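The lines below spell out each chain.
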Amino acid sequence: MSFAPLPKVFLEYLEDCNQPSARILDLGCGDGDFFTPLLPLKAQLISLDRVKPQVGTSPILVADAKHPPFRPRSMDLIVAANLFRHILFGEMKADFLENWCGLLRPGGALFLFEDEPTVFPPAARNYGQVQDFLLRLLPGERGPLLARADFEGLIGRGTVGSEWVLGLGRNDLKPDLEAIQSLLSSNGVAPGSEVSQLLRALDQDGLAYGDFWWACWRADSA
Ligand SMILES: C[S@@+](CC[C@H](N)C(=O)[O-])C[C@H]1O[C@@H](n2cnc3c(N)ncnc32)[C@H](O)[C@@H]1O
């Protein structure tokens, strides 16, 4: 799971669509971390990513999440967990949300989940700095952390419609500190470098995901 505890409204909705005729789409599924702890589901889970994951067991349809290749009104639940910021970046407009909303059956729901960057206990600030570092390491592949307020700005400008419910939560999961430390040191650590400062901050204050925000859009019931 990439976010825990998940908001009650999401878990209730998931329970409602936990039946064989229901279809759930996990956009930008990566290694399937979001849904793995929620399995088994009676519903059909369809996972999509632009690349096949190196680890994990998620069966994947390889496609661009901006244009998911499904019939309109064919999904009961769509989840995009830590995906939105990556595909928003560079354009700062979110027309693809209309594609996602159009895939929902009447009464269906789209949920976005994103790390919230504006809360700064030291361990969460470290997480934000690691994300900034990765962004520079992999330009074009990632987007910067996006605050809920910025998403609200998009909604306010009418870019993505206005019928959204938003919420905030604390992510209690523990990031893999050792994996991050070994990634950062994999090419050697020059004294005084950004990597060396980051490693020192991690030693001192640790690493935490901090808060996350979620946003839900519901299609009108038939
Ligand atoms: C931070 S990971 C999140 C993985 C998973 N949703 C989770 O919460 O653990 C972002 C994922 O989005 C995928 N991704 C980025 N841009 C994409 C696009 N345009 N279409 C499909 N997947 C994309 C990446 O390949 C990566 O697997």
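Preceding block: the structure.
Predicted, not measured: the structure shown is a model, and the values here were computed from it. (Residues numbered from 1 in each chain as written. Predicted model: local features only at pLDDT ≥ 70, side-chain atom pairs only at ≥ 80, totals over all residues. Heavy atoms only, no water.)

### A look at the site of the ligand
The test is simple: Consider each residue's heavy atoms; a residue with any of them within 4 Å of a molecule or strand counts as near. We define a polar contact as two N or O atoms separated by no more than 3.5 Å, with the added condition that, inside protein, one atom must be a possible hydrogen donor and the other a possible acceptor, whereas residues neighbouring each other in sequence contribute only through side-chain atom pairs. Note on areas: Shrake-Rupley with a 1.4 Å probe; residue coverage comes only from the protein chains shown. Any residue that is not Ala, Val, Leu, Ile, Met, Phe, Trp, Tyr, Cys, Pro, Asp, Glu, Lys or Arg is counted as polar, Gly included; the first ten are nonpolar and the last four charged.
In the neighbourhood of the ligand, 16 residues make up the surrounding shell, with S2, G28, D49, A65 and A81 lying closest. For the ligand, a nitrogen atom lies 2.8 Å from a polar atom in the backbone of G28. With the chains in place, 83% of the 600 Å² that the ligand exposes on its own is no longer accessible. The residue makeup of the shell around the ligand, split by class, is seven nonpolar, five polar and four charged.

### Quick look at the pairing of strand 2 (residues 44-49)
Definition in use: Pairs of strands are assigned from DSSP output, requiring at least two bridges between the strands. In this text, helices come from DSSP runs of H or I with a minimum length of four residues, and strands from runs of E with a minimum of two, each type numbered from the N-terminal end.
Two elements, strand 1 (residues 23-27) and strand 2, share five bridges in a ladder whose sense is parallel. Within the sheet, the bridge partner assigned to L25 lies in strand 2 and is I46. In this sheet, strand 3 (residues 60-62) lies alongside strand 2 in parallel orientation, the contact comprising three bridges. Paired with S47 across the bridge in strand 3 is I60.

### Considering the sheet that holds strand 3
Rules: Only the stretch in contact is used when a helix axis is fitted, and all axes are lines through C-alpha atoms; the angle between N-to-C directions ranges over 0 to 180 degrees. Whether two residues are in contact is decided by their heavy atoms: any pair within 4.5 Å suffices.
The strand order across the open sheet built from seven strands is 3-2-1-4-5-7-6, with neighbouring strands paired in mixed fashion. Each edge of the sheet is formed by a strand with only one pairing partner; in this case those strands are strand 3 and strand 6 (164-170). In this sheet, neighbouring strand axes are inclined to one another by 20° on average, regardless of whether the strands run parallel or antiparallel. Inspection of the sheet shows strand 4 (residues 75-81) paired to strand 5 (residues 104-115) by six bridges, in the parallel sense. Residue pairing in the sheet places A80 in a bridge with L112 of strand 5. Running over the sheet, helix 1 (residues 8-16) touches strand 1, strand 4, strand 5 and strand 7 (211-218) and is turned about 140° from strand 5. With respect to the sheet, helix 5 (residues 148-156) is in contact with strand 5, strand 6 and strand 7, its orientation differing from that of strand 6 by roughly 175°.

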